[in-house]
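Residue-level structure breakdown
The lines below spell out each chain.
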There are 2 protein chains.
Amino acid sequence: MRNKKGLLIVVSAPAGCGKDTILEAAFNLCDNLHYSVSVTTRTPRDGEQDGVHYFFKTREEFAEMLKNNELFEHTEYAGNLYGTPKSTIPEMLEAGKDVVLIIEVEGAENIKKIFPDCVLIFVLPPSLAELERRLKKRGTETGDTIKRRIDIAKIEMSFVKNYDYVIINERIEDAVAAFAAVIQAEKLTVKRGLPIIS
Amino acid sequence: MRNKKGLLIVVSAPAGCGKDTILEAAFNLCDNLHYSVSVTTRTPRDGEQDGVHYFFKTREEFAEMLKNNELFEHTEYAGNLYGTPKSTIPEMLEAGKDVVLIIEVEGAENIKKIFPDCVLIFVLPPSLAELERRLKKRGTETGDTIKRRIDIAKIEMSFVKNYDYVIINERIEDAVAAFAAVIQAEKLTVKRGLPIIS
């Protein structure tokens, strides 16, 4: 018998690295993954649902949550506020669920302070040129925004050293397999508790 | 580009846990695994090459290596001497090969002192009753020897806390997959070096 507490998996990645695609495939592959849903003031993209991808809030509602101390951490990124609600994560972990938290680099540092056992995974593009190509292909952003995203990516990448694992998303299948391997291996670590053999 | 240095993987397991079967399958699955080449005084069999399967030495040469402190550990089996040379592991790791070293619990502690970056994996049976059943099934040992093997297994299992990972060999396919996941995940750890993205 091993420790049945869930794993908190924090995933960060510059925009355009394909983390959503990796996670979508990983959720199909690993049957115990669950999202912790973040709160944001940004506008929903096509297909994004409130309470599934994010809790979409106005700046006023977000400020109210902050005032009531309902968030572990929050940050402003590209002009929008993002936050992690307190209520759900500890409950999910105790229930044995593996919780995935998508969060930017400074938020990840804060989460590590609150949950020292969390696993920090950073997803990187194979190169900055490839990241630019993917952002252009997405077609949702202007040239100026893309340039700013690349600049932000460079800054974010300087935080990689604080993470536990780096996955380079060159081929999506490989990146998904790598993600699944990290989760499986972490559950086998002695530091997370010894199995009892009798 | 990631650090291309190989991984030193130290595997320990009580007799009867199936580590040889796991490793055989893992060698088919992972294309970069290599055994650390041992030194032996036994006669080469047909097709065996010096420096590939073993380093073949005379007893005098072996004694000279021992005298010069060139072996990590050695043992005598069926009238022949076998040993683990110090020189080959660092060379193999530098050449980017992942090196597997099967070694008992005290030997593993010594290896960790010499190679702090090595990954220590302990393979366990699902239960002591199952271990006994497997040892009996093997049919090569008497009841007394089996009892002694179980007693030794209990002592060995008290060393698990010094290891990095524990793999329980309940179903062989799962144990092989777990072994492969550990190797893959270890190569993605930030502590083993950051990729350079430009």
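Scroll up for the structure.
Numbering of residues begins from 1 in every chain and follows the order in which that chain's sequence is written. Here the convention is simple: chains get letters from A, ligands get numbers from 1, in the order in which they are written. In keeping with the predicted nature of the model, local features appear solely for residues at pLDDT of at least 70, side-chain atom pairs appear and are counted solely at 80 or more, and the whole-chain, interface and lining totals rest on all residues. Processing note: side-chain calculations cover all non-hydrogen atoms of the structure and skip hydrogens and water entirely.

1. Some thoughts on a negative patch on the surface
Here a patch means residues that are over 30% exposed by relative accessible area and free of salt bridges, tied together within 9 Å if like-charged and within 5 Å if nonpolar (Val, Leu, Ile, Met, Phe, Trp, Tyr). All accessible-area figures derive from a Shrake-Rupley calculation using a 1.4 Å probe, and residue coverage is judged against the displayed protein chains alone. When a carboxyl oxygen of Asp or Glu is within 4 Å of a side-chain nitrogen of Lys or Arg, the pair counts as a salt bridge. Note that His is not counted, nor are the chain ends; the positive residues are Lys and Arg, and the negative ones are Asp and Glu. The atom standing in for a charge is NZ when the residue is Lys, CZ when it is Arg, CG when it is Asp and CD when it is Glu. Together, Glu73(B), Glu104(B), Glu106(B) and Glu109(B) make up a region of like negative charge exposed at the surface. Runs of H or I in DSSP of at least four residues are treated as helices and runs of E of at least two as strands, each being numbered from the N terminus. With respect to the helices and strands, the residue Glu109(B) is situated in helix H4 (residues 105-114).

2. Regarding the sheet that holds strand E5 (residues 71-77) of chain B
Hydrogen bonding along the main chain pairs the strands of a sheet, whether they run parallel or antiparallel. All names here are of chain B. When DSSP finds two or more bridges between two strands, those strands count as paired. What the 4 strands build is an open sheet, ordered E4-E3-E6-E5; its pairing is mixed. Each of the sheet's edge strands pairs with one partner strand only, and the pair in question is strand E4 (54-56) and E5. Pairwise comparison of adjacent strand axes, ignoring direction, gives a mean angle of 25° for this sheet. Only heavy atoms enter the contact rule, under which two residues are in contact if any of them lie within 4.5 Å. The angle between two axes is taken between their N-to-C directions and runs from 0 to 180 degrees, where each axis is a line fitted to C-alpha atoms and a helix contributes only its stretch in contact. Packing against the sheet, helix H2 (residues 59-67) makes contact with strand E3 (38-40), E4, E5 and strand E6 (80-85), and its axis sits at approximately 140° to E5.

3. Examining the layout of surface pockets
Any space left empty among the atoms is revealed by the rolling of a water-sized probe across them. All names here are of chain B. With a 1 Å grid laid over protein atoms only, a set of points is called a cavity when a 1.4 Å probe fits there but cannot get out and a pocket when it is open yet has protein on both sides within 12 Å along at least five of seven lines; lining residues have an atom within 4 Å of a point. Grid points are joined across faces, edges and corners, and a volume is the space filled by probe spheres set on the points. By volume, the second largest pocket is sized at about 1,700 Å³. Every residue lining the second largest pocket is counted, 49 residues in all, and those nearest its centre are Lys19, Asp20, Tyr35, Ile102 and Ile103. Looking at the lining of the second largest pocket, the element that brings in the most residues is helix H5 (residues 128-138), giving 5 residues. Note on residue classes: Ala, Val, Leu, Ile, Met, Phe, Trp, Tyr, Cys and Pro are nonpolar, Asp, Glu, Lys and Arg are charged, and everything else, Gly too, is polar. Split into classes, the residues belonging to the lining of the second largest pocket amount to 20 nonpolar, 14 polar and 15 charged.

4. Quick notes on the pattern of salt bridges
The final tally for this structure, using the stated rule, is 22 salt bridges over all chains. A salt bridge links Lys191(B) to Glu186(B), with the shortest nitrogen-to-oxygen separation between them at 3.9 Å. Think of it in three bands: with a 1.4 Å probe and only protein chains considered, a residue is buried below 20% of the maximum accessible area for its type, exposed above 50%, and partly exposed in between. According to the relative accessible area criterion, Lys191(B) is exposed, its value standing at 65%. Judged by its relative accessible area of 4%, Glu186(B) is buried. A single salt-bridge network, built from bridges that share partners, covers Glu130(A), Arg133(A) and Arg134(A).

5. Focus on the nonpolar core
Among buried residues, the Ala, Val, Leu, Ile, Met, Phe, Trp, Tyr and Cys ones that are joined through side-chain atoms within 4.5 Å form a nonpolar core. If you look at the biggest cluster of nonpolar residues, it comprises 110 residues, and the most contacted ones within it are Leu8(A), Phe179(A), Leu8(B) and Phe179(B). For Leu8(B), the residues in contact, after removing those within four places along its chain, are Ile89(B), Leu93(B), Val99(B), Leu101(B), Ile111(B), Phe115(B), Cys118(B) and Val119(B).

6. Some remarks on helix H7 (residues 172-187) of chain A
An ideal rise of 1.5 Å per residue puts 22 Å on 16 residues; H7(A) measures up with 23 Å between its terminal C-alpha atoms. Among the residues of H7(A), Ala175(A), Val176(A), Ala178(A), Phe179(A), Ala180(A), Ala181(A), Val182(A), Ile183(A), Ala185(A) and Glu186(A) are the ones counted as buried. What a helix should span is 1.5 Å times the count of its residues minus one.

7. Some details on the sheet that holds strand E7 (residues 98-102) of chain B
Residue and element names in this part refer to chain B. Read from one edge of the open sheet, 5 strands run E2-E7-E1-E8-E9, paired in parallel fashion. Sheet topology places strand E2 (33-35) and strand E9 (165-168) at the edges, where each strand pairs with a single neighbour. Between one strand and the next, the sheet's axes are offset by a mean angle of 30°, whatever the strand orientation. Here strand E1 (residues 8-12) runs beside strand E8 (residues 119-124); their pairing, made up of 4 bridges, is parallel. Pairing of serine 12 across the sheet is with phenylalanine 122, part of E8. Contacting E1, E2, E7, E8 and E9, helix H7 (residues 172-187) runs over the sheet at an angle of about 160° to E9.

8. Points about the packing of aromatic side chains
Two aromatic rings from Phe, Tyr or Trp, using only the six-membered ring of Trp, form a pair when their centres are within 6.5 Å; if the ring planes differ by under 30 degrees the pair is stacked, by over 60 it is edge-to-face, and anything between is tilted. In total, this model carries 11 aromatic pairs over all chains according to the counting rule given. Aromatic side chains Tyr54(B) and Phe56(B) sit 5.9 Å apart centroid to centroid with 55° between the ring planes, which places their arrangement in the tilted category. Centre to centre, the rings of Tyr54(B) and Tyr82(B) are 5.9 Å apart; their planes meet at 65°, and the pair counts as edge-to-face. Highlighted residues: Tyr54(B) in strand E4 and Tyr82(B) in strand E6, separated in sequence by 28 residues. Each member of the pair, Tyr54(B) as well as Tyr82(B), is classed as buried. Clustering of aromatic rings is evident, with ring pairs tying together Tyr54(A), Phe56(A), Tyr77(A) and Tyr82(A).

9. Quick look at the interface of chain A and chain B
Chain A puts 29 residues into the contact, and the matching count from chain B is 29 residues. Across the interface of chain A and chain B, roughly 2,200 Å² is buried in total on both sides, 72% from carbon and sulfur atoms. Three residues, Leu188(A), Val190(A) and Ile197(A), lead the burial of chain A against chain B; their summed loss comes to 26% of the area buried on that side. On inspection of chain A and its partner chain B, the count reaches 0 salt bridges. Among the elements of the structure, strand E9 (165-168) and H7 of chain A are those that each provide at least two residues to the side of chain A that touches chain B. Each of two parts loses accessible area, computed with a 1.4 Å probe, when they are put together; buried area is these two losses added.

10. Structural notes on the environment of Ala129(B)
All names here are of chain B. Tracing the backbone through its elements, the reader meets alanine 129 in helix H5. Look at alanine 129 and you get exposed, because its relative accessible area is 56%. Taking C-alpha positions, alanine 129 is 14 Å from methionine 157, a pair spaced 28 residues apart along the chain.

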